[in-house]
Amino acid sequence: MAPIYDCSVDSELLTGMRLARAAIGRGELVVLPTDTVYGVAADAFNPAAVQRLLDAKGRGRQSPPPVLIPGIPTLAALAEDVPQAVTDLVQEFWPGGLTVVLPAQPSLAWDLGETRGTVALRMPSDTIALELLSETGPLAVSSANLTGRPAARTAAEAEGMLGDSVEVYLDGGEAGAGYSRVEGRDSSSTIVDATALAAGTGPLRILRHGVISEESIRAIVGDQLAHDSAETEKAPDARP
């Protein structure tokens, strides 16, 4: 059984983080807390590791994982074009529960699946996740659950679904405690598609309504957000 490290205990935090860094470097999977739900992480630049992540969840390449990043400066390094409206949104909501879909830099040497030339990016608001990201660089991270099952809110729930397909589990307590739970709203990040805005062909669209409300987003970008924003099956698997 893969070990679960209680990150509220200093000795386990140090050991868990050290082993997590090593596991990512070997192309293995790590479960980590985020501010929304628990995520299962792999080196975004290791295609075999990303495929291992998809296999562990029971997903195909048509559901590419998003990429978690350690800070706003990384956004410009991974996205080909960042509209001012997106800059305004991330300055307001990062670190936090907003995922932004943008055209990916064409020079990136990665294979996240069938992305159609886009990348879903988020800077999470969780100290454990951010510390790991600062040492590993961008990570492909999807919700730590089997496809069709609820997203894990604890490390134990994640371990119960993913088991030994994961090398290291980092336990940071219950995920999502910092957000109000709203009936009918996903407890994962809100996904905003900015690809049309970047191309000059349309407004921002909300692909999934999550912990950041449409009203909060519209307060920042105004009419640059489409009024018919709604979930769509084309949305990337942008949990957590």
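Please refer to the structure higher up on the page.
A brief structural summary.

## Some details on the packing of helix α1 (residues 10-25) against helix α5 (residues 127-136)
At their nearest, the axes of α1 and α5 sit 10 Å apart, and the two run at 45° to each other. Here α5 runs oblique to α1, going by the angle between their axes. Crossing hand, α1 versus α5: right-handed. Across the interface between the two elements, M17, A20, R21 and I24 of α1 pack against I128, E131, L132, E135 and T136 of α5. Broken down by class, the residue content of the contact of α1 with α5 amounts to 5 nonpolar, 1 polar and 3 charged.

## Re the sheet that holds strand β10 (residues 205-208)
Ordered in space as β1-β8-β2-β3-β7-β4-β6-β5-β9-β10, the 10 strands form an open sheet in which the pairing is mixed. The outermost strands of the open sheet, each flanked by one partner alone, are β1 (4-6) and β10. In the sheet, β1 pairs with strand β8 (residues 168-171) via 3 bridges, with the strands oriented parallel. For I4, the partnering residue across the bridge sits in β8 and is Y169. Sheet contacts for helix α2 (residues 47-57): β3 (39-43) and β7 (139-143); angle to β3, the most-contacted strand, approximately 155°.

## Some words on the pattern of salt bridges
Within this structure, the stated rule accounts for 6 salt bridges. The salt bridge partner of E174 is R153, with a shortest N-O separation of 3.7 Å. Taken as a pair, E174 in the loop between β8 and β9 (190-193) and R153 in the loop between β7 and α6 (155-162) lie far apart in primary sequence, 21 residues in all. Accessibility expressed as a relative area gives 47% for E174, which makes it partly exposed. Linking R218 and E214 is a salt bridge whose minimum nitrogen-to-oxygen distance equals 2.9 Å. One end of the pair is R218 and the other is E214, both in helix α8 (residues 214-221) and 4 residues apart, which spans about a single turn.

## Let's talk about the nonpolar core
A general trend in soluble globular proteins is that nonpolar side chains are found buried together. Judged by nonpolar contacts, the single largest core of 34 residues is most densely connected at V67, W94, L98, L121, L204 and I217. Those elements giving two or more residues to this core turn out to be α3 (73-78), α4 (84-93), β5 (98-103), β6 (118-122) and α8. Listed in part, the 19 residues of the second largest apolar core include L29, A42, L162 and Y169.

Calculation notes
Residues numbered from 1 in each chain as written. Predicted model: local features only at pLDDT ≥ 70, side-chain atom pairs only at ≥ 80, totals over all residues. Heavy atoms only, no water. Axes fitted to C-alpha atoms, helices over the stretch in contact; angles between N-to-C directions. Helix = DSSP H or I, 4+ residues; strand = E, 2+ residues; numbered from the N terminus. Parallel < 35°, antiparallel > 145°, perpendicular 65-115°, else oblique. Left-handed = near helix turned anticlockwise from the far one by under 90°. Contact = heavy atoms within 4.5 Å. Nonpolar A, V, L, I, M, F, W, Y, C, P; charged D, E, K, R; others polar. Pairing = 2+ DSSP bridges. Salt bridge = Lys/Arg side-chain N within 4 Å of Asp/Glu carboxyl O. Buried < 20%, exposed > 50% of the residue type's maximum accessible area, 1.4 Å probe, protein only. Core = buried A, V, L, I, M, F, W, Y, C linked by side-chain atoms within 4.5 Å.

By themselves, these are just geometric observations and shouldn't be taken as functional.
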